[in-house]
Structures are given as structure tokens and as C-alpha cells.
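Here is how the chains run, residue by residue.
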Amino acid sequence: MPGEEVPRYLRVAAALREDLARHALAPGTRLPSERSLAQRYHVNRQTVRSALHLLREERLVVTDRRGTFAADLASGGDRPSEAQSAASRPVFPGGPRAADALVRASLRWEPPPAALASRLELTPGEPTLVHRHTVLAPRGTELQRAVSWFSRPALAEIPQLARYRRMRHGVNRPDLRLLYHWMHQAGLRATHRESVRIPPGEPGSAPGGTARLSIHRVVSDQHGHVLEITDIDFSAREAAWTYEYSP
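In this text the structure is predicted, and so the values were computed from the model without any measurement.

What counts, and at which threshold
- Residues numbered from 1 in each chain as written.
- Predicted model: local features only at pLDDT ≥ 70, side-chain atom pairs only at ≥ 80, totals over all residues.
- Heavy atoms only, no water.
- Helix = DSSP H or I, 4+ residues; strand = E, 2+ residues; numbered from the N terminus.
- Salt bridge = Lys/Arg side-chain N within 4 Å of Asp/Glu carboxyl O.
- Phe/Tyr/Trp six-rings, centres within 6.5 Å; stacked < 30°, edge-to-face > 60°.
- Buried < 20%, exposed > 50% of the residue type's maximum accessible area, 1.4 Å probe, protein only.
- Pairing = 2+ DSSP bridges.

Enquirer: How should I be thinking about unusual backbone geometry in this particular structure?
Expert: Keep in mind that most residues, glycine aside, have a negative phi and that most peptide bonds are trans. Positive phi is not limited to glycine here, since His42 has a value of about 55°. Tracing the chain through its elements places His42 in the loop between helix 2 (34-41) and helix 3 (45-57).

Enquirer: What is the right way to read the environment of Ile229 from this model?
Expert: Turning to its location among the elements, Ile229 is positioned in strand 9 (residues 226-235). Through-space distance from the C-alpha of Ile229 to that of Glu194 is 9.9 Å; in sequence the pair is 35 residues apart.

Enquirer: Teacher, can you tell me more about the pattern of salt bridges here?
Expert: Pairing between side chains becomes possible if they bear opposite charge and their charged atoms approach one another. Applying the stated rule across the entire model yields nine salt bridges. Measuring nitrogen to oxygen at the nearest pair gives 2.8 Å for the salt bridge that ties Arg217 to Glu194. One end of the pair, Arg217, is in strand 8 (residues 212-220); the other, Glu194, is in strand 7 (residues 191-197), and 23 residues separate them in sequence. One network of salt bridges, with partners in common, ties together Glu34, Arg45 and Arg49.

Enquirer: Looking at this model, I keep getting lost on the packing of aromatic side chains. Mind explaining?
Expert: Each aromatic ring pair is described using two quantities: the centre-to-centre distance and the angle formed by the ring planes. One pass over the structure, following the stated rule, counts two aromatic pairs. Considering the side-chain rings of Phe92 and Phe150, the 6.0 Å spacing of their centres and the 45° angle between planes classify their relative orientation as tilted. Taken as a pair, Phe92 in the loop between helix 4 (79-88) and helix 5 (95-99) and Phe150 in strand 5 (residues 142-150) lie far apart in primary sequence, 58 residues in all. For the residue pair Phe92 and Phe150, the accessibility class agrees, reading buried in each case. Ring centres 5.9 Å apart and planes at 80° place the aromatic pair Phe92 and Tyr180 in the edge-to-face group.

Enquirer: Can you walk me through the pairing of strand 1 (residues 61-64) in this structure?
Expert: Walk down a regular strand and you will see the side chains alternate between the two sheet faces. The sheet contact formed by strand 1 and strand 2 (residues 67-70) spans four bridges and is antiparallel. Within strand 2, the residue paired with Asp64 across the bridge is Gly67.

Right, here's the structure in full:
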């Protein structure tokens, strides 16, 4: 079933994120205990911990000895702009709408196409991390698919990616939504260059007459090193594409 493709901790995080956005959990309010949240969402406590960890990375909640609290954006120096910028940064690989949809994703070690190897600072045939991501409609129809290749500098500079070096057999359902936030944390000033085109084949349409577009994205750091190359193909009639980026 398509609904099973979304990890439970992402569903819990999405529900809490909505409460925070609607101020059902006002800034500074203590969140219910892990046990209470586990009972509310019918999950185990580890799932709740994973959801809260994600929200902490997004700077939407803070945790101390007393518990976990909704981030108070009205206090403390530059914290409001930090929290707001973390929440507004683009979501890898296909924007916030794709991040909240039903997805299938995997992360594997594979050699990139020969034409990309040198741009990724790899030797011909050298494997790297490859992220494959498919967005599904509620009934399971494919709306968007993306494949991303990561460069040698990206694996060296971004700790959250480097940890996957130990996982040579790959990972199913990886959560890389905060990739661009991780780049920022690593001190990388990323530049995104995107090219939009109609894919080869029957002009502007897929089988069944659905219009399609392709996006080729190259993300580079402040030194000109390529960090990531992503190809995204999506149904123009069924999936909206909105992408914002401010370095």
C-alpha cells in the first residue's frame, strides 16, 4: 500500500509540525511526554524520539533537562531568523510538497554515468552515493522521480553524508530532506543551477498524454566544486514545481 512507504516517524513529525504552524503548540509550550505522544500516534517511543530529533534539526523545538518545548521565536538574539531560515530552506530533492507526499527512496553505492564522473571528482567506474526518490499520488501513480549523485567533496565535507560510507549495502527510505541545511551547517555556500527541458520522446508528453518536464540541477560550493548533480522528471499536469533558494 502506498501509505506504508512513509516512515512512521515522518508522519509523527508532520503532525507535530502542523500543530506548531497552527500554534496549537504555542512558542515556549512544553510538548507532551514521549510516552503520551507514542500513545497518541500509536507508535513506539523510539519513533517519537526520531520525529523529535528531526524537529530539533529544523529548529522547531528545543530540548533540555525539563523536556521538549516549541521553539520560542520571540526570544533571544538571532534565533528567530535562524529558525525561520532553517524551516524555509529548500527541501531535498524535490521541494516541500514532495517531502510531505508518499515516497519511495533508496541510497546506494553505484558508479555514476561516465559523463558525470570527472565533474563529481571521481575516477571512471568509482562508486559514490546515489539517491533515488519517487513521489507517488495517493492512489500510487508516479508523479515525480529523481536521481542524485554526490561528489567526492560532498562526502568529505558533509558529516551526515560521510556516515553512509560505512553502509556499503545501501539504505532504504533514507531521510535526506535536510541536505541543504547540512551543507549550510558544514560552512558550504551552495549555488544551485537548474536547467528545465522537455524530455526526449514524444514532445512534452508521457505515455497516456501526460505532460512531462525534466530538471537538471547542479549544486556547487563557494570554491566551485560540484557537490551534487540531480535529475528530476515529473508530471507537469499533476505535480507542481516550486523551488526557492537564497544562499
